[in-house]
Amino acid sequence: MLNLSGLNSSQRDAVETLSGPLLVLAGAGTGKTRVITYRMANLIARGIQPDRILSVTFTNKAAREMRERAATLIGGRMKRRPVVSTFHAWCVRVLREDIDSLGYPRQFAIYDRGDQESAARTALRDIRLGDAAMKPGDLISRISTWKMQGVSSTAAGEHSESDFDFLASMGYRRYQKQLRASGAVDFDDLLLLTVQLFREHPDVLRKYQARYDHVQIDEYQDTNGVQFNLIEYLVRAHNNLCVVGDDDQSIYGWRGAEVEHIINFASHFPGTRTVRLENNYRCTRAILDCANRLVRHNRNRHDKTLIAHKPAVSGVRIQVFKDEESEARRVVEEISYLISELGVKAKQVAILFRTNEQPRVFEQELRRQKVPYQLVGGQSFFDRREIRDLMAYLKTIDNHRDEVSLLRIINTPPRGIGATSTEKVLQNAVKKGVGFWEMVDELNRLREIPVRTVQAMLDFRNLIERYRSAAQTAPDQLPEIARRLMLDVGYESEIARQYKDEAQREARQNLLEEFISTIALYVEKAPAPTLSGFLESMALQDRDEESEQDEESDRVRLMTLHSAKGLEFPRVYLVGMEEGLLPHKRSIDLDSEKAIAEERRLAYVGITRAMDHLTLTRSASRMKWGKRRDSIPSRFLFEMQEEPGLELPEEHIDNDDDDGFFSGPTPPGATDHKLPGFPAASEPNEFDQPPF
DNA sequence: AAGGAGGGTTTTTTT
DNA sequence: AACCCTCCTT
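Thresholds, definitions, all that
Residues numbered from 1 in each chain as written. Chains lettered and ligands numbered in written order. Predicted model: local features only at pLDDT ≥ 70, side-chain atom pairs only at ≥ 80, totals over all residues. Heavy atoms only, no water. Helix = DSSP H or I, 4+ residues; strand = E, 2+ residues; numbered from the N terminus. Buried < 20%, exposed > 50% of the residue type's maximum accessible area, 1.4 Å probe, protein only. Contact = heavy atoms within 4.5 Å. Areas by Shrake-Rupley, 256 points an atom, 1.4 Å probe, with all protein chains shown as cover. Expected span 1.5 Å × (residues − 1). Phe/Tyr/Trp six-rings, centres within 6.5 Å; stacked < 30°, edge-to-face > 60°. Near = heavy atom within 4 Å. Polar contact = N/O pair within 3.5 Å; in protein donor to acceptor, adjacent residues only side chain to side chain. Axes fitted to C-alpha atoms, helices over the stretch in contact; angles between N-to-C directions. Left-handed = near helix turned anticlockwise from the far one by under 90°. Nonpolar A, V, L, I, M, F, W, Y, C, P; charged D, E, K, R; others polar. Pairing = 2+ DSSP bridges. Salt bridge = Lys/Arg side-chain N within 4 Å of Asp/Glu carboxyl O. Disulfide = S-S within 2.5 Å. Arc of directions from axis to C-beta. Parallel < 35°, antiparallel > 145°, perpendicular 65-115°, else oblique. Core = buried A, V, L, I, M, F, W, Y, C linked by side-chain atoms within 4.5 Å.

Caption draft 1: Looking closely at the overall build of chain A. A tally of regular secondary structure across chain A gives 29 helices and 18 strands. By residue count, 54% of the 692 residues in chain A fall in the buried class. If you take every contact in chain A between residues at least 6 apart in sequence, the share linking residues at least 24 apart comes to 77%. Approximately 31700 Å² of chain A is accessible, and the part contributed by carbon and sulfur atoms is 48%.

Set out below in structure tokens:
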């Protein structure tokens, strides 16, 4: 029997409710991950076969952690393993098994954001819409919204209500046709096609329904319509469904998530038992009060009261700096001081921000001051041009139908295949409905392309074919194969040629090395490595972090508020608390209560990541599109205060530079402002004496 | 076909 | 400021 003595009574209540619909409303820091893990372990301890339990987590990382923790709880005497997965990864498993029922090949490729963009661009061109009428990005987000609502391209065309939607639906059809021709699916398709499979093929549905007796969903507040359909299909037979979430932390509305799912859970699933987890063990009371006051400004939420279990030690400060550079410099200086003088571990500190453009300055400072750091998430690595090129090579090698990738690298680095010829092949291929290479052969016969260009194309095809068979015969040699490929196509010399600057050249070289190590790491960890497997794990963001960069490494964490979800840190710096940034300008412009409410929840998530110390910073001015502009404090800073409408006191501006722009009395160091209404420190704490 | 100059656009958040 | 696209020259 599982030992539950470490749990409080409501946690235990949730863990011991093993059948029927169960809704766990779990506030921030109330141990929800613990509960869902214990519950899975408990089901197994009560004799449920592990592989008959499906647990869905929000990220692959969370899935890995849950598997490990559950294994520890149960003590490794499991013959079978519980299924712990993200929605997307689980759908890939289903589709690899059964997608042929829908007329797709089982070896489908998964298109990432960049591939989608290229496909959208082609689609727009095919329907003769210039960039002026609709940008590829606009088309993609419209398509994505349709897909999240389960709307097919045909249905989108029939029900379009505006000119934009009408055009977009034409783009949608074209886009979908192109994906199909390339043997590819995009991210949304993974979910949509699975639901379609279940709807149109009852035999397949029955197979999966019979596979699981229990289903658990984490972060339920962030499920979208298609995910809801999926869940509903799966549990229809038994309704053994446990969902865990917090409506105050719903931050993915822009991706189609609907809070209504968690709010209306009990009416969707009659007989629901609801358990509330309201004991917060994470934050000091000062931090929690601050969070509660803020989120109270949202209407339309489950009104819950989180009870702080930590003392009210004041750990909340607001700091103001003159520009984003001093913001970064002073925050990093303080962190550096904490680490070197006060024995704080680097990994106990996190810097959180709203947008991916913010960490740049912080990275510079951290490097300059030699503070070890890790930039979490932010696909910056995979967004680099070099990496995207190499990925396109691998995709072309893996899937000969993937024209999006082919077109990206067919003349990168330049090999004498010009745009005119490529274009000609493409146009004819589309017209006749044949593949790119078939058309090359045909136009060659007809002497419609210059001989030299055809030769370059054929040479290139041979090269790809050579690597295709190499990758197939020796998949465990993938890192070496990739290295050889870079040399073969002259990618390294191209970099040497393009970048005159020594430092830049080195940075790019290192990028390539890092790419090779990513492949090496995959080959090392995967039970049966293949090229397709590598590409799939990249697409699903299921890569193992480099061992020294992983969870335990002693580095300061930098991440967006979105990627901070589910994590906690003893010290949090929430930077850039300004109108336009948090709440973000795009949400302000929408001028809807709903959009601002989501930004507020985002701030709430940020605040509640902090266990002991929270520092909110803002900068009085910021560079935007090459221009310096004044910025004003975030409305959330005001809302956090006890008395509504109270003005923030005029704060000191950090100004240790000598330009004298901000004249006046400047304290000899970072200003330490306590919000009015915050209890005074009841215990000595190093912040009472700022270290500067 | 390649490379460079000039002009226009951009930044929300991510499985 | 940084990037991408287009156009122009070679």
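Caption draft 2: Here's a closer look at helix H4 (residues 87-98). Its 12 residues give H4 an end-to-end C-alpha distance of 16 Å, which sits within 8% of 16 Å, the value for a rise of 1.5 Å per residue. Extensive coverage of H4 is indicated by the burial of 9 of its 12 residues. Among the residues of H4, Phe87, His88, Ala89, Trp90, Cys91, Val92, Val94, Leu95 and Asp98 are the ones counted as buried.

Caption draft 3: Highlighting the packing of aromatic side chains. This model, assessed by the stated rule, comprises 15 aromatic pairs. Relative to phenylalanine 198, the ring of tryptophan 90 has its centre 6.5 Å away and its plane inclined at 65 degrees; by these criteria the two rings are edge-to-face. Of the two residues, tryptophan 90 sits in helix H4 while phenylalanine 198 sits in helix H9 (residues 187-200), which places them 108 residues apart along the sequence. The exposure classification of tryptophan 90 matches that of phenylalanine 198, with both residues buried. Aromatic side chains tryptophan 146 and tyrosine 172 sit 5.6 Å apart centroid to centroid with 10 degrees between the ring planes, which places their arrangement in the stacked category.

Caption draft 4: Quick look at the protein's contact with DNA strand B. Taken together, 30 residues form the shell around DNA strand B, and within it His88, Arg354, Asn356, Gln541 and Arg586 come nearest. When atoms of DNA strand B within 4 Å of the protein are split into backbone and base, the sugar-phosphate part holds 58%. Separating a sugar or linking oxygen of DNA strand B from a backbone N or O atom of phenylalanine 58 is a distance of 3.1 Å. Separating a phosphate oxygen of DNA strand B from a side-chain N or O atom of threonine 420 is a distance of 3.4 Å.

Caption draft 5: Up close: the packing of helix H21 (residues 436-445) against helix H22 (residues 451-473). Running from N to C, H21 and H22 point in directions that differ by 145 degrees, and their axes come no closer than 11 Å. Considering how the two elements wind past one another, H21 and H22 form a crossing that is left-handed. Residues Phe436, Trp437, Val440, Asp441 and Asn444 of H21 lie in contact with H22, whose contacting residues are Val454, Met457, Leu458, Phe460 and Arg461. For the contact of H21 with H22, the residue count by class is 7 nonpolar, 1 polar and 2 charged.

Caption draft 6: Molecular detail of the sheet that holds strand S16 (residues 610-619). The strand order S11-S16-S15-S12-S14-S13 describes an open sheet built from 6 strands, whose pairing is parallel. If you trace the sheet from one side to the other, it starts and ends with strand S11 (316-321) and strand S13 (373-375), each paired once. Taken over all neighbouring pairs, the strand axes of this sheet differ in orientation by 20 degrees on average, direction set aside. Across 6 bridges, the pairing between S11 and S16 is parallel. In the strand pairing of S16, valine 320 is matched with arginine 618. Its contacts with the sheet place helix H14 (residues 285-295) against S11 and S16, and it is angled at close to 55 degrees to S16.

Caption draft 7: Molecular detail of the pattern of salt bridges. Enumeration according to the criterion identifies 45 salt bridges in this entry. We note a salt bridge from aspartate 13 to arginine 273, for which the minimum N-O separation is 2.7 Å. In this pair, aspartate 13 is assigned in helix H1 (residues 9-16) and arginine 273 in strand S8 (residues 273-277), connecting sequence segments 260 residues apart. Look at arginine 273 and you get partly exposed, because its relative accessible area is 40%. Among the ionic pairs, lysine 432 bridges to glutamate 442, the shortest N-O distance being 3.3 Å. Of this pair, lysine 432 sits in helix H20 (residues 419-432) while glutamate 442 sits in helix H21, placing them 10 residues apart in sequence. For lysine 432, a relative accessible area of 52% corresponds to the exposed category. Via salt bridges that share partners, Lys32, Asp218, Glu219, Asp222 and Lys565 belong to a single interconnected network.

Caption draft 8: Representation of the state of the cysteines within the structure. Counting across every chain of the model gives 0 disulfides. Of all cysteine sulfurs, the one in cysteine 283 lies closest to cysteine 290, which takes part in no disulfide; the gap is 10 Å. The exposure class assigned to cysteine 290 is buried, which follows from its relative accessible area of 0%.

Caption draft 9: How the structure looks around the environment of arginine 69. Position of arginine 69 relative to the elements: it lies in helix H3 (residues 60-74). Residue class for arginine 69 comes out partly exposed when judged on its relative accessible area of 40%. Once the C-alpha coordinates of arginine 69 and alanine 184 are considered, the two residues, 115 residues apart in sequence, prove to be 35 Å apart. Those residues in contact with arginine 69, other than ones at most four positions away along the chain, are Thr33 and Thr37.

Caption draft 10: Summary view of the side chain of glutamate 598. Here glutamate 598 lies in helix H28 (residues 593-607). Take glutamate 598: its relative accessible area is 14%, and that puts it in the buried class. In this structure, glutamate 598 is in contact with Ser250, Ile251, Tyr252, Gly253 and Trp254, ignoring residues within four places of it in sequence.

Caption draft 11: Broad picture of the sheet that holds strand S6 (residues 214-217). Ordered in space as S3-S2-S6-S7-S1-S8, the 6 strands form an open sheet in which the pairing is parallel. Each edge of the open sheet is held by one strand with a lone partner, namely strand S3 (83-86) and S8. The average angle at which neighbouring strand axes cross in this sheet is 15 degrees, direction not considered. With 3 bridges joining them, S6 and strand S7 (residues 241-245) adopt parallel strand pairing. Bridging from a neighbouring strand, isoleucine 217 pairs with valine 243 of S7. Contacts from helix H2 (residues 32-45) reach strand S1 (22-26), strand S2 (53-57), S3, S6, S7 and S8 within the one sheet, and its direction differs from that of S6 by about 170 degrees.

Caption draft 12: The arrangement of helix H23 (residues 478-488) in detail. For H23, the complete set of buried residues consists of Leu478, Pro479, Ile481, Ala482, Leu485 and Met486. Seen end-on, H23 carries its buried residues on one side only, within an arc spanning 160 degrees. Once H23 finishes, glycine 490 follows within two positions and takes phi at roughly 75 degrees, a positive value.

Caption draft 13: Molecular detail of the packing of H4 against H9. Where H4 meets H9, the closest approach of the two axes is 9 Å, and the angle between their N-to-C directions is 55 degrees. The angle between H4 and H9 places the two elements in the oblique class. Considering how the two elements wind past one another, H4 and H9 form a crossing that is left-handed. Between H4 and H9, the residues in contact are Phe87, His88, Trp90, Cys91, Val92, Val94, Leu95 and Asp98 and Phe187, Leu190, Leu191, Leu193, Thr194, Leu197 and Phe198, respectively. Considered class by class, the residues forming the contact of H4 with H9 number 12 nonpolar, 2 polar and 1 charged.

Caption draft 14: Region of the structure containing the nonpolar core. Counting residues in hydrophobic clusters, the biggest one holds 68 residues, and the most contacted among them are Leu54, Trp90, Leu190, Phe198, Ile217, Tyr220 and Leu241. Leu394, Trp437, Met486 and Leu512 belong to the second largest nonpolar core, which has 52 residues in total.

Caption draft 15: A look at unusual backbone geometry. Across the junction of leucine 582 and proline 583, the peptide omega takes the value 0 degrees, indicating a cis bond. You will see that lysine 370, though not glycine, has its phi angle at about 55 degrees, which is positive. The backbone phi angle of aspartate 591 is positive, close to 55 degrees, even though this residue is not glycine. Mapped onto the secondary structure, aspartate 591 falls in the loop between helix H27 (585-590) and H28.

Read these as geometric descriptors, not functional statements.
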